[in-house]
Amino acid sequence: ASTVGGSTYGVAKGTTIVALQGLSCATGGGSYSHILGALDWAVADARERAMPAIVQGSYGGLCASSGCIDSARHDAYLAAYDAGIHVIVAAGAAA
């Protein structure tokens, strides 16, 4: 994150970085409901701040290899898109 929005260095100095945790730090596991809750919070926060936002969410799951996505995830990402939030993932990761 500091590569992007560091106070001295970075491509977007002065950026506000907000860290959200959707998965367990201890195990790396969790549920999609926690991830979607974090995404919903990010949408609400971006609307409240009335500023551009980017969500970086790289994680896998049971259907990561087949590319399936359920309606709850689809709706959450669509809501983020509709709010003007760009959602990005690392290459090879499934959102």
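All values reported here derive from a predicted model rather than from experimental measurement.

For I54, the location among the structural elements is in strand β1 (residues 53-56). Judged by relative accessible area, I54 falls into the exposed class, the value being 61%. Every residue in contact with I54, bar those within four places of it in the chain, is listed here: I85, H86 and I88.

Once that is clear, we can look at the confidence of the model for the protein chain. Atomic detail in the predicted coordinates should be set aside for any region of low pLDDT. Model confidence for the protein chain is summarised by a mean pLDDT of 79, while 82% of its residues fall at 70 or above. Across the protein chain, helix α2 (residues 32-49) holds the top mean pLDDT of 89, while helix α1 (residues 2-5) sits lowest at 71.

When the charged atoms of two side chains lie near each other, side chains of opposite charge can form a pair. Taken as a whole and assessed by the stated rule, the structure comprises one salt bridge. The salt bridge partner of D45 is R49, with a shortest N-O separation of 2.8 Å. Taken together, the positions of D45 and R49, both in helix α2 and four residues apart, correspond to about one turn of that helix. Overall, D45 belongs to the buried group, its relative accessible area being 14%.

Here is what the cut-offs are and how they apply
Residues numbered from 1 in each chain as written. Predicted model: local features only at pLDDT ≥ 70, side-chain atom pairs only at ≥ 80, totals over all residues. Heavy atoms only, no water. Helix = DSSP H or I, 4+ residues; strand = E, 2+ residues; numbered from the N terminus. Buried < 20%, exposed > 50% of the residue type's maximum accessible area, 1.4 Å probe, protein only. Contact = heavy atoms within 4.5 Å. pLDDT = per-residue confidence, 0-100. Salt bridge = Lys/Arg side-chain N within 4 Å of Asp/Glu carboxyl O.

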